[in-house]
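One-letter residues, chain by chain:
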Amino acid sequence: MFVRRIAVVGTGYVGLTTGACLASLGHRVVCADVDAAKVERLARGEVDILEPRLAELVAEGLASGRLSFVLGASAAVADAEVVFLCVPTPMGVGGIADLAAVESVVDETRDLLPSGTVIVNKSTVPVGTSIRTAELLRRDDVAVVSNPEFLREGSAVHDFLNPDRIVVGCDQQDAAERVAALYARLGAPTVLTDAASAEMVKYAANCFLAMKLSYVNAVAELCERLGANITDVTEGMGYDKRIGQAFLNPGPGWGGSCLPKDTHAMLQVADAADFEFRLLRATIDTNERQRQRMVEKVRLAVTGKRGGSLSHVRLGLLGLTFKAGTDDLRDSPALAVAALLKQAGADLVGYDPALTGGTDLGPVSVVDDPYQAAKDVDALVVLTEWPEFRSLDWARLAETVRQPVVVDTRNLLDPDVLRRAGLTCTSLGRR
Ligand code: UGA
C-alpha cells in the first residue's frame, strides 16, 4: 500500500479519529485546528474527547512521527496529497447544514494546495456540496471527493478501523480510487460512486436509523396498549437478517449531534426539491412526541393517575448524556425530557457517570453519585443506558427515596431485581 501525505482540517471527534486512525494505518498525517490551545494540548498527546483507544492512537502516532498537529489549515496543506475536511457543519437557518466552516477553509487554502491534491469532504454535508466546494475552489487541478464517515460516538475508533463499508464519491474516477486506496488495508466493501450519491448515502443511512428507532418506539407504545412485550417482539423481529437486531431498543427518543441534525437537513433538502418526504416528517414528529410521552409515564407512575400534577414532585434523573459511553450532551433526549419535566413543575436532581457534580445544566442540579440523586425523590427516572446503572445497590437506593418508583425509559434494568429491592419499575413496551 502507498503511504500518503495527508492533512486533516478540524480536530473534533471525526477529524481527530480520522487523523489518528489514518496514521495508525501507516500514512503521514498533519492535523490542523484553529484553536491554538487545543493544538498545543494535542501535540502533547492530551485528548479531551471521551473516546475509547483514541488517546492511545494519538500517543502512538506522535511517538512514531507519523502524526502531528499544527495551527491553521494553511500550515497543514502545503505538501499534502490528500486533504480531509472535518470541520463542523451545524444546523443552520431552516434546518439546513451551515457550510461557513467548509467555505472558510477553502478560501484559506485555495492558493496553497499543490497541483493534483485531492480534497475530501468527510463532514456530513448536503447533497451537492462537493460540486459547490469545487466551484468555490476554482482549481481545475484539484479534485473534490465525498467520503462520508459512519462513526458512532463512543466507538469511533472501532468503527473507523472495522468499517461496514467505505463510500467514496467523485466524478473523477482516479481521485476516488486514490481516496479508496487509503483504506485498502481495512478490507471493507467499497462503494465508488458520484459525489451526490456518496453524500446521499450518509443522509439516507442516518435517516433510516432514525426511522428504525421511531418505528420501534411506536411499536413499544402499541405493545403497552395491547399487552405485548417489546423486548420479545424486537428479538423476534431482529433474527430476520433483513431487519437485524441492532438499533431496536426503545428509548426516550433519539438524539445526539447527528441524527436530529441530519433528519432535519434531509427534510429541508427534500422541501427544496419539491418532494414531500412524509415518512421522514413522521419519523421526526414521532420522536418529538416520544419525549412528551416519557413525561406522561413519569406523571402516571408518580401520581397514580393520568394528568396528575408534577408540581414540586422531586425526581432523580439517572443519565443525562445523549447515550451511554459519551460525555456529549448535544441534543440529548434526557435533557429534552428533563426540560419538559421542569416545565410541568418538577424539581430535578441528576447523576451521570460522565459528568461531575455542579455541572450547570439549567433545570437539573447535577450531583456526584447516584445515591445522592436518589435522596428524598418521588421517583428515579433512567434516561441514558449506562450499563453501570444495572449494578447499583438498588436496596440502598430504595432506602433513600421518598416513593419506591423507578421509570426506566431505556428498558435497561431487570424489573425483578428492582422488585426484590422493594421498588416498582415502569419501562417501555411492557405491561
Ligand atoms: C450516528 C450514527 O449511528 C453513525 O453511524 C453516524 O456516523 C453518526 O451518527 C454521524 O452521523 O456522525 P451517534 O450520533 O454517535 O451515531 O449515535 P447513535 O449511536 O447512532 O445513537 C443515536 C441516538 O439513538 C442516541 O440518542 C441513542 O441513545 C439512540 N438509540 C440508539 C436508541 O434509542 N436505541 C437504539 O437501539 C440505538
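Residues numbered from 1 in each chain as written. Predicted model: local features only at pLDDT ≥ 70, side-chain atom pairs only at ≥ 80, totals over all residues.

For the protein, the name recorded in an unreviewed UniProt entry is UDP-glucose 6-dehydrogenase, with Lentzea kristufekii as its organism. In the Pathway (unreviewed entry) part of its UniProt record, the protein is described as follows: "Nucleotide-sugar biosynthesis; UDP-alpha-D-glucuronate biosynthesis; UDP-alpha-D-glucuronate from UDP-alpha-D-glucose: step 1/1." Within the UniProt record for the protein, the comment given under Sequence similarities (unreviewed entry) is "Belongs to the UDP-glucose/GDP-mannose dehydrogenase family." (UniProt positions renumbered as here; feature names shortened; annotations may be inferred.)

Colleague: Explain the packing of helix α9 (residues 195-226) against helix α10 (residues 230-238) to me, using residue names and the numbers behind them.
Modeller: It is the contact of α9 with α10, at a shortest axis distance of 10 Å, that shows an interaxial angle of 135°. As judged from the angle between their axes, α9 and α10 are oblique. Seen from above, α9 lies across α10 with right-handed handedness. Taking contact as the criterion, the partners of Val216, Val219, Ala220 and Cys223 in α9 are, on α10, Ile230, Val233 and Thr234. Residues belonging to the contact of α9 with α10 are distributed by class as follows: six nonpolar, one polar and no charged. (Axes fitted to C-alpha atoms, helices over the stretch in contact; angles between N-to-C directions. Helix = DSSP H or I, 4+ residues; strand = E, 2+ residues; numbered from the N terminus. Parallel < 35°, antiparallel > 145°, perpendicular 65-115°, else oblique. Left-handed = near helix turned anticlockwise from the far one by under 90°. Contact = placed C-beta atoms within 7 Å. Nonpolar A, V, L, I, M, F, W, Y, C, P; charged D, E, K, R; others polar.)

Colleague: Which residues make up the nonpolar core, and what are the values?
Modeller: Ranked by internal contacts, the top residues of the largest apolar core, which has 83 residues, are Ala7, Val9, Val83, Phe84, Leu85 and Val145. With eleven residues, α9 is the largest single contributor of residues to this core. Each of domain 1 (5-193) and domain 2 (194-431) accounts for three or more of the residues forming this core. Setting aside residues up to four positions removed in sequence, alanine 7 forms contacts with Val30, Ala32, Ala76, Val77, Ala80, Val83 and Phe84. If you look at the next biggest cluster of nonpolar residues, it comprises 44 residues, including Ala336, Leu341, Val406 and Leu423. (Core = buried A, V, L, I, M, F, W, Y, C linked by C-beta atoms within 7 Å. Buried ≥ 20, exposed ≤ 12 C-beta atoms within 10 Å, placed from the backbone. Domains from an automatic or database assignment.)

Colleague: Describe the pairing of strand β14 (residues 405-408), and please don't skip the residues or the numbers.
Modeller: Of the two faces of β14, both are covered, the one formed by Val405 and Val407 as well as the one formed by Val406 and Asp408. In terms of strand pairing, strand β13 (residues 379-382) meets β14 through three bridges, oriented parallel. Bridge pairing in β14 links valine 382 to aspartate 408. For the segment spanning β13, helix α15 (residues 394-400) and β14, crossover handedness is right-handed. With three bridges joining them, β14 and strand β15 (residues 424-426) adopt parallel strand pairing. Its bridge partner being in β15, valine 406 is matched across the sheet by cysteine 425. With helix α16 (residues 415-420) bridging β14 and its parallel neighbour β15, the resulting β-α-β unit is right-handed. (Pairing = 2+ DSSP bridges. Right-handed = clockwise from strand over helix to strand, strands pointing away.)

Colleague: Help me get a handle on the sheet that holds strand β9 (residues 314-318), residues and values and all.
Modeller: A sheet is described by the order of its strands in space; here seven strands give the open sequence β11-β12-β10-β9-β13-β14-β15, paired in mixed fashion. Looking at strand neighbours, the two that pair on one side only are β11 (360-361) and β15, the edges of this open sheet. Relative to β13, β9 is paired through four bridges, and the arrangement is parallel. By the bridge assignment, leucine 315 is partnered in β13 with alanine 379. Strand contacts of helix α12 (residues 278-303): β9, β13, β14 and β15, with the helix running at about 165° to β14, the strand carrying the most contacts.

Colleague: Before we move on, can you summarise the site of the ligand with the specific residues and values?
Modeller: Near the ligand lie 22 residues; those nearest to it are Asn249, Gly251, Trp254, Cys258 and Lys323. For the shell around the ligand, the leading source of residues is α9, giving three residues. Counted by class, the shell around the ligand contains eleven nonpolar, seven polar and four charged residues. Built from parts of two domains, the shell around the ligand gets at least three residues from each of domain 1 (5-193) and domain 2 (194-431). (Near = placed C-beta within 6 Å.)

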